[in-house]
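One letter stands for each residue in the lines below.
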Amino acid sequence: MALIQSRQVETRGGDPSVGELLSAVTSDVQTLFRQEVELAKTEVKQEATKAGKAAGMYGGAGFAGYMVLLFLSLAAVLGLANVMDGGWAALIVTAVWAVVAAVLYALGRARMRTVAPKPEQTVETLKENAQWARHPTR
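Computed from a prediction, not measured in an experiment: that's the story for all the values here.

1. Some remarks on the layout of surface pockets
- The computed volume of the second largest pocket comes to approximately 190 Å³.
- Along the walls of the second largest pocket sit Leu107, Gly108, Arg111, Met112 and Val115, which together make up its complete lining.
- Partitioned by chemical class, the residues of the lining of the second largest pocket number 3 nonpolar, 1 polar and 1 charged.

2. Some points on the confidence of the model for the chain
- Looking at the chain as a whole, the pLDDT averages 85, with 88% of positions reaching at least 70.
- The secondary-structure element of the chain with the lowest mean pLDDT is helix 3 (residues 120-134), recorded at 81, while helix 2 (residues 86-112) shows the highest, at 93.

3. A word on the side chain of Glu36
- Along the chain, the position of Glu36 falls in helix 1 (residues 18-81).
- Polar side-chain contacts of Glu36 include one of 3.0 Å to the side chain of Asn129.

4. Side note on the pattern of salt bridges
- Scanning the model with the defined rule gives 2 salt bridges in all.
- For the salt bridge of Lys41 with Glu38, the shortest nitrogen-to-oxygen distance reads 3.6 Å. Residue Lys41 and its partner Glu38 are both found in helix 1; the two are separated by 3 residues, about one turn of the helix.

5. Notes on the packing of helix 1 against helix 3
- Interhelical geometry of helix 1 versus helix 3 gives an angle of 165° and a closest axis separation of 8 Å. When the axis of helix 1 is compared with that of helix 3, the two are roughly antiparallel. Note that helix 1 runs across helix 3; the crossing there is left-handed. The residues of helix 3 that touch helix 1, namely those facing Leu32, Glu36, Leu39, Ala40 and Glu43, are Glu120, Gln121, Thr122, Thr125, Leu126 and Asn129.
- When the residues that make up the contact of helix 1 with helix 3 are grouped by side-chain class, the tally is 4 nonpolar, 4 polar and 3 charged.

6. Things to note about the UniProt feature "transmembrane region" (unreviewed entry) in the chain
- In the UniProt entry, the feature "transmembrane region" (unreviewed entry) is given for residues 55-81 and 87-108.
- Its end C-alpha atoms 38 Å apart, residues 55-81 is made of 100% helix and 0% strand.

7. Things to note about the packing of helix 1 against helix 2
- Across the interface, helix 1 lies against helix 2 with an axial gap of 8 Å and an inter-helix angle of 140°. With respect to helix 2, the axis of helix 1 lies oblique. For the pair helix 1 and helix 2, the sense of crossing is right-handed. Residues Leu69, Ser73, Ala76, Val77, Leu80 and Ala81 of helix 1 form the contact with helix 2, whose own contacting residues are Gly86, Ala89, Ala90, Ile92, Val93 and Trp97.
- Taken together, the residues of the contact of helix 1 with helix 2 break down into 10 nonpolar, 2 polar and no charged.

8. Topic: the environment of Val37
- For Val37, the location among the structural elements is in helix 1.
- Among the residues examined, Val37 registers a relative accessible area of 30% and is labelled partly exposed.
- Residues Val37 and Leu126 lie 89 residues apart in sequence; the distance between their C-alpha atoms is 9.9 Å.

Definitions and limits used
Residues numbered from 1 in each chain as written. Predicted model: local features only at pLDDT ≥ 70, side-chain atom pairs only at ≥ 80, totals over all residues. Heavy atoms only, no water. 1 Å grid on protein atoms, 1.4 Å probe; cavity = no way out; pocket = protein on both sides within 12 Å on 5 of 7 lines; lining within 4 Å. Points joined across faces, edges and corners; volume = space filled by probe spheres on them. Nonpolar A, V, L, I, M, F, W, Y, C, P; charged D, E, K, R; others polar. pLDDT = per-residue confidence, 0-100. Helix = DSSP H or I, 4+ residues; strand = E, 2+ residues; numbered from the N terminus. Polar contact = N/O pair within 3.5 Å; in protein donor to acceptor, adjacent residues only side chain to side chain. Salt bridge = Lys/Arg side-chain N within 4 Å of Asp/Glu carboxyl O. Axes fitted to C-alpha atoms, helices over the stretch in contact; angles between N-to-C directions. Parallel < 35°, antiparallel > 145°, perpendicular 65-115°, else oblique. Left-handed = near helix turned anticlockwise from the far one by under 90°. Contact = heavy atoms within 4.5 Å. UniProt positions renumbered as here; feature names shortened; annotations may be inferred. Buried < 20%, exposed > 50% of the residue type's maximum accessible area, 1.4 Å probe, protein only.

Set out below in structure tokens:
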């Protein structure tokens, strides 16, 4: 984050007036606010980019895994069909996949609850800025 550059208020005779000081502080606060917004945008954009790349990789892995499991399931049905009726073999393999789907759903739901979409660094610096604004001499 870029730091606010303090500027000196020039006056005609000596010390700056209250109006000039207030104007300088207001300008600095506006600059600080703009920088915080830019930081938040950058943070969210970086996280979205990482999430997008990960989603693409998950998609590719999911398709490849789907193909593997499809043919593995077909092989399991054909293998069980040698021992029992083909309909029962297909039903058993389907039941196994139903259990796997339920477990994966439960795990995915639990993980999704841990996702924190708010920009933590920006929130922290905004809290620090607010604290400083309330007590600038501390």
